[in-house]
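Examining the three-dimensional arrangement
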Amino acid sequence: MSKTTAKKMLFILSKATLENVYAAFVMANGARMEGIESEIFFTFFGLEAIQKKKLEHLHVATVGNPAMHMPTMLGGLPGVEALASKMMKKEMEKLDMPPVGEFLEILSDSGCRLWACKLAMDMFHLDKDDLIDEIEDVITIGQFYDRANTDNTHIVFV
Amino acid sequence: METTIAGREIHVNEEGYLTDFNQWDKEIGEQLANKEGIILTPRHWEVITYVQEKFKKEEPLSIRGIKNSGVINIKEFYSLFPGGPLKKATLIAGIPKPKSCI
């Protein structure tokens, strides 16, 4: 039915701004919905998206983001980032986009495998207990490359 | 375009989705499922009925909607319709493929 030749999509999520996290999640979920395997490797700031205490408090970047059409000085004022994030979350809710925590559950239930980066975990002094239960394991980048074990695997860096 | 399903002329699009839901019945559904390698069980029919009801009410389908449907959870959904569950369930149900990215 589907014409794609992609068999597996591997995503590396290295940022924790809402727009990046959702981009990775929508692409990973979209792959599963098309019958393509998908996995996400969370590294550096991407780890914020899978920490129990932090994942519901992610923000959109209002500074250094010309597409926000907001002067950088204004974007840096207290509360502006929180307000912009609130507005974006409201718009996403209208489109039936789940909040980060629920999205992770959906991904996991859909068969998208989720991994945390060992080096970044060590750097931020994090423990597996800090992460949501859906994270399968803490692995190295080498082990993640090992997941590219079939033809037509693509690796996407976010 | 037209194709023959269960001995009848049925209108479908280039991906095989029925273009006229009125032409659908359970026999057509079974034939479409067989072509996808799926043998329909009572659980499949519950899901098919659910997506058809959403279609009749003109409500969009999404994976989150399936999760909150109370009919089925996502894990079982994927196991009943392997390889793109929403695409396959809507194909068998005789309704259009969902256009949503989520």
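Preceding this paragraph is the structure being described.
Everything quoted here is computed from the prediction, not taken from an experiment.

Turning next to the state of the cysteines. Counted by the stated rule, this structure contains zero disulfides over all chains. Of the cysteine sulfurs around Cys117(A), a residue in no disulfide, the closest is that of Cys112(A), at 17 Å.

This brings us to the environment of Met27(A). All names here are of chain A. Position of Met27 relative to the elements: it lies in helix α1 (residues 18–33). With 18 residues separating them along the chain, Met27 and Met9 place their C-alpha atoms 8.7 Å apart. Among all residues touching Met27, those that are not within four sequence positions of it are Phe11, Val156 and Val158.

Among the nine residues of helix α5 (residues 85–93) of chain B, nine are classified as buried, and the element is accordingly described as predominantly covered. What α5(B) keeps buried is the set Pro85(B), Leu86(B), Lys87(B), Lys88(B), Ala89(B), Thr90(B), Leu91(B), Ile92(B) and Ala93(B). Residues of α5(B) that are buried in the fold lie against α1 of chain A together with α1 (26–35), α2 (42–56), α3 (63–67) and α4 (74–80) of chain B. Two residues or fewer after α5(B) comes Gly94(B), characterised by a positive phi angle close to 75 degrees.

The next thing to look at is the packing of α1(A) against helix α4 (residues 100–109) of chain A. Residue and element names in this part refer to chain A. Following both chains from N to C, one finds α1 and α4 inclined at 20 degrees, their axes separated by 10 Å at the closest point. By the criterion of interaxial angle, the relationship of α1 to α4 is roughly parallel. In this structure, the crossing between α1 and α4 has a hand that is left-handed. Here Leu18, Tyr22, Phe25, Val26, Ala28 and Asn29 of α1 come into contact with α4, specifically with Val100, Phe103, Leu104, Ile106 and Leu107. Across the contact of α1 with α4, the residue classes tally to ten nonpolar, one polar and no charged.

Further remarks concern the pattern of salt bridges. On inspection of all chains with the given rule, the structure shows 19 salt bridges over all chains. Across the pair Lys94(A) and Glu91(A) runs a salt bridge, and its minimum N-O distance is 3.0 Å. Taken together, the residues span about one helical turn, with Lys94(A) and Glu91(A) both in helix α3 (residues 80–94) at a distance of three residues. Across the pair Arg8(B) and Asp25(B) runs a salt bridge, and its minimum N-O distance is 2.7 Å. Placement of Arg8(B) in strand β2 (residues 8–11) and of Asp25(B) in the loop between β2 and α1 is noted, with a sequence separation of 17 residues between them. Overlapping salt bridges, with partners in common, bring together Glu93(A), Asp96(A), Glu102(A), Arg64(B) and Lys67(B) in one network.

Procedures and definitions
Residues numbered from 1 in each chain as written. Chains lettered and ligands numbered in written order. Predicted model: local features only at pLDDT ≥ 70, side-chain atom pairs only at ≥ 80, totals over all residues. Heavy atoms only, no water. Disulfide = S-S within 2.5 Å. Helix = DSSP H or I, 4+ residues; strand = E, 2+ residues; numbered from the N terminus. Contact = heavy atoms within 4.5 Å. Buried < 20%, exposed > 50% of the residue type's maximum accessible area, 1.4 Å probe, protein only. Axes fitted to C-alpha atoms, helices over the stretch in contact; angles between N-to-C directions. Parallel < 35°, antiparallel > 145°, perpendicular 65-115°, else oblique. Left-handed = near helix turned anticlockwise from the far one by under 90°. Nonpolar A, V, L, I, M, F, W, Y, C, P; charged D, E, K, R; others polar. Salt bridge = Lys/Arg side-chain N within 4 Å of Asp/Glu carboxyl O.

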